[in-house]
Structures are given as C-alpha cells and as structure tokens.
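In case you want the letters, here they are:
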Amino acid sequence: MADFEVILMCGIPGSGKTTFCRERLFPQYLYISLDRLRTRSAEAELFAFALRRRKSCVIDNTNISRQERARYIPAAKKAGARVVTYWFEPDVGACLARNAGRTGRERVPDIVIRDKSSRFSAPDRTEGFDQVFKVSIADDGFHVEEQK
Ligand SMILES: Nc1ncnc2c1ncn2[C@@H]1O[C@H](COP(=O)(O)OP(=O)(O)OP(=O)(O)O)[C@@H](O)[C@H]1O
Ligand SMILES: [Mg+2]
C-alpha cells in the first residue's frame, strides 16, 4: 500500500471542510488551500512539492465537479499516492445558516453557495479514488462513512 496519501475535500462553501481538516487531519497532512495561497501557481507548486517528497497532503478546495477533481488525481496516482476524498452532500439551508455565522473573508456571498450546489457532482471511485468517504454533521460532530 502507498506510504502517503492525497486527500481531496469536496463540498459547497459552509459544508464544514476546513473544520473537518482542523479536527481530523492537522497536523499530519500538509494543508493546501487555494483560498489561502491565492494563486493556482502557488497551489500547483505546493502540490508538486508534496508529491515529490511523498508527503501526505489535503487539498481543501470546494472541488465540486469531476473536472476540478481531475486537476489532482492523475498526478497523485502517478506519484504513487493513495487518493482519498471526504465529501459533504450539499445542504443549502444548513450551509447558508453556517455561512451567516461567519465573519470577514471566511464569509461568502449566498449566491456562491446556491451556484455551487447546482453544479455539485458527488465524487465516486471511477474518478480514480482509492477510497471515498461521505461526511455528515450530527449534533455530536462529524460522522464518516466509507462508500464502496
Ligand atoms: N460539525 C460542525 N458543527 C457545527 N458547526 C460547524 C461544524 N463544522 C463547521 N461548522 C461551522 O460552519 C461554518 C463553516 O465551516 P467551514 O469553514 O469548516 O466550512 P468550509 O466547507 O471550509 O467552507 P468554505 O468552502 O467556504 O471554506 C463555520 O462557522 C464552522 O464553525
Ligand atoms: Mg474552508
């Protein structure tokens, strides 16, 4: 089995992706976020670094379409990584409510949540993932279920 992992987070804004990373994946995984890095070239550089050094990493973008996810999967597989996704089923009402509780740069316009929800396609193993995990939020926190 591969000795390192590339994780793609997948979910509309407000789903809980970054919170999940913070709770479950820090500090073992190199954190790669286009929002934080600002440019695709910076993101590509950091991703290439992770693959070259065989360092497990997580891509914390919305990654809502197969096309967006395809940006990472072939390179990750070629480098010998296990490729995994944690995805959140879009729940527009809940995401709007959580977004309303955010401040500053974290908060996105509501239209972005609606738009991304309408374009969302759930990831599946045919895209090249070794494992697909569906994440849901309950009163006691995140629940993770593997989808075969
Ligand atoms: N399990 C949870 N229970 C309750 N609130 C949560 C949970 N996870 C996240 N939240 C809250 O929901 C809001 C959105 O979460 P978060 O920032 O993790 O979403 P995101 O998917 O990273 O969004 P974006 O794509 O905009 O970065 C935050 O205010 C966060 O505190
Ligand atoms: Mg986030």
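Residues numbered from 1 in each chain as written. Chains lettered and ligands numbered in written order. Predicted model: local features only at pLDDT ≥ 70, side-chain atom pairs only at ≥ 80, totals over all residues. Heavy atoms only, no water.

J.: Would you mind going over the layout of surface pockets in detail, with residue names and values included?
T.: By volume, the largest pocket amounts to about 740 Å³. Forming the walls of the largest pocket are 28 residues, and the residues nearest its centre are K17, T18, D35, R102 and E106. Ranked by the residues each element gives to the lining of the largest pocket, the list is headed by helix 1 (residues 17-25), at four residues. The residue makeup of the lining of the largest pocket, split by class, is seven nonpolar, nine polar and twelve charged. (1 Å grid on protein atoms, 1.4 Å probe; cavity = no way out; pocket = protein on both sides within 12 Å on 5 of 7 lines; lining within 4 Å. Points joined across faces, edges and corners; volume = space filled by probe spheres on them. Helix = DSSP H or I, 4+ residues; strand = E, 2+ residues; numbered from the N terminus. Nonpolar A, V, L, I, M, F, W, Y, C, P; charged D, E, K, R; others polar.)

J.: Can you tell me about the environment of L30, naming the residues and giving the values?
T.: Its place among the elements puts L30 in strand 2 (residues 30-32). Linking L30 and L46, residues 16 residues apart in sequence, is a C-alpha distance of 9.0 Å. Among residues more than four places away in sequence, those in contact with L30 are L46, F49, A50, K55, S56, C57 and V58. (Contact = heavy atoms within 4.5 Å.)

J.: Tell me what's going on with the site of ligand 1, and back it up with residues and numbers.
T.: Every one of the 13 residues lining ligand 1 counts as a neighbour, but G14, K17, T18, T19 and R98 are closest to it. G14 is positioned such that a nitrogen or oxygen atom in its backbone is 2.9 Å from an oxygen atom of ligand 1. In the model, an oxygen atom of ligand 1 is placed 3.3 Å from a nitrogen or oxygen of the S15 main chain. Considering ligand 1 on its own, with 630 Å² of exposed area, one finds that the protein chains cover 73% of that surface. Judged by the fraction of its atoms near the pocket grid, ligand 1 is located in the largest pocket. Of the residues forming the shell around ligand 1, the biggest block, three residues, is contributed by helix 1. Looking at the shell around ligand 1 residue by residue, the classes come out as four nonpolar, six polar and three charged. (Near = heavy atom within 4 Å. Polar contact = N/O pair within 3.5 Å; in protein donor to acceptor, adjacent residues only side chain to side chain. Areas by Shrake-Rupley, 256 points an atom, 1.4 Å probe, with all protein chains shown as cover. Sits in = over half its atoms within 2 Å of the grid points.)

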